Amino acid sequence: MKYIGRVGTPLFADFAYFFWTMKLDFAQFYNGYHLLSLFFFSVIAWWIGRHYDDNRHLNEKLMEKRNELQSLLDNADAAIWSIDHRTNRMSLSKGFEKILDVSLQEAYTERTLWQKYLYHEDCHKALHFLRSYKDDKGEAGKTAEFRIVRNGQIKWVEVKLSSTWNEKGEPVKTNGIVLDITERKTSEERIKQLAYTDSLTELPNRTSLFMDLNKRLQEGKETALFIIDLDRFKTVNDSFGHLAGDTLLKEAAGRFKSALSKESGCIYRFGGDEFWFVCHKTNKVQLTLLAEKLLHTLTSPFMIQDHGIVITPSIGISTFPGDADSMDTLLMYADSAMRIAKEKGRNNYQFFHSSLYNKIQRKAALEKELRRAIWKGELFLHYQPQVDLATSQITGFEALIRWENERFGSVSPSEFIPIAEESGLITSIGEWVLKEACLQSKRWEQQGYGRFSMSINISVQQFQNRYFADTFKALIRETHMDPSLLQIEITESIMQNTQETKHILDQLKEIGVKVSIDDFGTGYSSLSVLKELQLDCLKIDQSFIRDVTTSKKEAAIVKNIIDLAHNLELNVVAEGVETAGQLCMLKKLGCQTGQGYLFSKPLFHQEAEELLVQEQQKMKIDA
Ligand code: C2E
Ligand code: MG
Ligand code: MG
């Protein structure tokens with residue numbers, strides 16, 4: 001038989017229980033089991049003592065634990081509270097004083113005091129949450145984050161709730177813990193800011209743009225997308241350095257931001273010199289006004305390093321759901337419209353229009369095909385003779401690229417060269433042209449056709465490539481071309497960046513290469529720049545030659561260009577000579593060289609060889 005004392009049971013009950021379990025009664029006890037009774041008394045005395053000790057010890061332990069817990073709760077950074085719904089008794093830890101900046105006394109006296117400190121925007125959310133302890137029975141706990149305002153400062157708190165219910169489903173107790181998470185929130189905000197803001201302009205960045213745009217479109221909100229690209233921004237970087245470029249971008253961003261109201265939409269920096277404006281309006285009149293406004297913001301020059309720099313934007317606009325029904329198409333259409341704006345002479349805006357679509361699609365498809373054109377052997381050169389007007393003899397050829405594609409057939413260079421320029425393919429295409437033309441020139445020389453100057457067209461983008469001069473020189477070495485027979489044709493637009501142009505031209509001139517200005521008269525050339533650069537030839541644009549016999553004005557322009565060239569000791573080539581009348585006039589005006597259908601169309605190299613043979617035979621007969 002064994003008796004296990006029950007902690008906390010009243011002494012009398014234990015005693016009675018003991019007698020009952022031992023099957024003893026007082027009569028027997030009294031009738032003289034002395035030894036046994038002595039033994040029993042000792043056991044009882046020992047048991048009572050032990051029981052008392054146990055109880056006291058337990059109480060002490062309990063108190064100790066309670067104090068420990070209280071001190072832990074009071075010293076914790078969190079504020080802990082508990083409310084007994086049956087008695088409506090509330091207990092709060094000292095943490096409340098720290099977080100809410102009120103004394104516990106005040107908090108106990110005015111139980112709803114904390115509600116006064118809720119940040120107005122979060123008030124509804126917080127109250128709703130704190131009153132929701134009755135819901136979601138059985139769930140481990142609920143958490144919410146909201147803001148409170150103390151002493152003019154906003155604090156972020158995280159509140160966790162957990163409740164217990166009785167078997168009737170009534171809430172018995174709710175425990176809560178409140179943590180000050182301001183620091184965590186601040187660093188989260190900072191990280192968010194870094195992730196979603198462009199550090200240079202402080203505008204929202206591309207990540208932010210895609211998120212916001214995607215959200216708008218998913219919500220089916222009408223949206224117009226403006227893609228704003230700064231025209232010739234690269235020139236600013238090249239001429240004034242990247243720091244100046246950065247300053248300009250920063251200032252441009254500031255101007256855009258202040259020109260556009262928040263209600264109209266949000267402007268983002270997409271990257272480089274591209275800004276995107278996600279507009280909340282789609283009405284064409286409003287969009288036109290906004291586009292005009294954006295153009296206007298850049299009209300006054302940017303004062304950077306004491307220079308007044310003027311930069312213009314090209315803007316493409318597409319709308320959702322008017323033009324496009326998805327984000328991809330919206331971007332594609334705005335981008336295409338922007339490219340059309342550039343093609344139309346920059347500093348303007350262009351709305352996407354379905355009629356542009358075929359053009360855009362063709363362009364995209366051409367670009368794709370062009371990427372493979374070199375290794376597929378689809379590119380080849382035509383050579384157009386240049387003729388000495390006095391002797392009628394061929395003095396040189398201009399190499400003109402041709403592209404024969406299996407899908408698109410023959411594509412004009414006027415169409416694919418701009419695509420190559422935009423896509424960067426011009427560098428490899430340009431190198432291919434140079435090599436091919438040099439090899440042809442060399443072959444003609446070796447085959448005894450003679451030594452002719454070879455003119456090669458160089459695009460601005462190709463010329464401005466930092467490796468241009470080195471690659472050029474390397475190709476000349478590789479093909480053993482005589483550099484003095486090589487003439488590069490550059491356009492007036494290259495001269496905008498005089499210092500850089502001069503630096504590259506000087507390197508080419510050093511090895512004896514000649515330089516022509518192509519399509520002269522159609523661009524912008526200042527006389528001082530013409531004098532500064534080491535040029536050899538001006539090619540009068542064919543638009544002036546066309547009417548040289550019929551229009552006095554055109555004739556005067558041609559005469560002036562020829563005189564100017566002579567004064568600067570430059571050669572002159574008239575382009576697009578088609579009639580004997582034009583030839584006659586050009587001779588009269590003192591032009592030395594002509595090129596045009598009157599003499600010959602651009603020819604395959606075999607045709608050019610035939611022409612050279614004919615010329616040689618004619619010369620023999622004349623001799
Ligand atoms: P461009 O350099 O001014 O070349 C002259 C253009 O006028 C050529 O057009 C030529 O075929 C055309 N032409 C020649 N004589 C006459 C004429 O009497 N009447 C008329 N109406 N046209 C004449 P093409 O070959 O279509 O080339 C167009 C432009 O494409 C060239 O103009 C040049 O800017 C560019 N281009 C051609 N080949 C290359 C190249 O290899 N590289 C680069 N970057 N551009 C090239
Ligand atoms: Mg040319
Ligand atoms: Mg030309």
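Here is what the cut-offs are and how they apply
- Residues numbered from 1 in each chain as written.
- Chains lettered and ligands numbered in written order.
- Predicted model: local features only at pLDDT ≥ 70, side-chain atom pairs only at ≥ 80, totals over all residues.
- Heavy atoms only, no water.
- Pairing = 2+ DSSP bridges.
- Helix = DSSP H or I, 4+ residues; strand = E, 2+ residues; numbered from the N terminus.
- Axes fitted to C-alpha atoms, helices over the stretch in contact; angles between N-to-C directions.
- Contact = heavy atoms within 4.5 Å.
- Donors = N, O, S within 2.8 Å, 3.2 Å for Na, K, Ca; no water.
- Buried < 20%, exposed > 50% of the residue type's maximum accessible area, 1.4 Å probe, protein only.

Our focus in this paragraph is the sheet that holds strand 11 (residues 313–320). Overall, mixed pairing links the five strands, which are arranged 7-8-6-11-12 in an open sheet. If you trace the sheet from one side to the other, it starts and ends with strand 7 (265–271) and strand 12 (349–351), each paired once. Across the sheet, the mean angle separating the axes of adjacent strands is 20 degrees when strand polarity is ignored. The sheet contact formed by strand 6 (residues 223–230) and strand 8 (residues 274–279) spans six bridges and is antiparallel. Residue pairing for strand 8: Ala224 is matched across the bridge by Cys279. Of the strands in this sheet, strand 6, strand 8, strand 11 and strand 12 are in contact with helix 12 (residues 327–343), which crosses strand 11 at around 150 degrees.

Right, let's talk about the coordination of the magnesium ion (ligand 3) for a bit. Around the magnesium ion (ligand 3), the protein contributes the donor atoms Asp518 (OD), Asp519 (OD), Glu575 (OE) and Glu575 (OE), which lie 2.0 to 2.6 Å from the metal centre. Donor residues for the magnesium ion (ligand 3) sit on one chain with the sequence pattern D-D-x55-E. Separation of the magnesium ion (ligand 3) from the magnesium ion (ligand 2) amounts to 3.9 Å, with Asp518 serving as a shared donor to the pair. A residue pair is termed long-range when its members are at least 10 positions apart, and Asp519 in strand 18 (residues 514–520) and Glu575 in the loop between strand 20 (571–574) and helix 22 (580–589) qualify at 56 residues. Judged by its relative accessible area of 8%, Glu575 is buried.

To continue, consider the pairing of strand 4 (residues 153–165). Bridging between strand 3 (residues 142–150) and strand 4 involves nine bridges; their strand directions are antiparallel. Looking at strand 4, one finds that Val149 is bridged to Ile154. Once strand 3 ends, the chain turns through two residues before running back antiparallel as strand 4, passing Asn151 with a positive phi of about 50 degrees. Pairing of strand 4 with strand 5 (residues 171–180), which is carried by nine bridges, proceeds in the antiparallel orientation. Paired with Val157 across the strands is Asp180, a residue of strand 5. What sits between strand 4 and strand 5 in their antiparallel hairpin is a turn of five residues, with Gly169 showing a positive phi close to 90 degrees.

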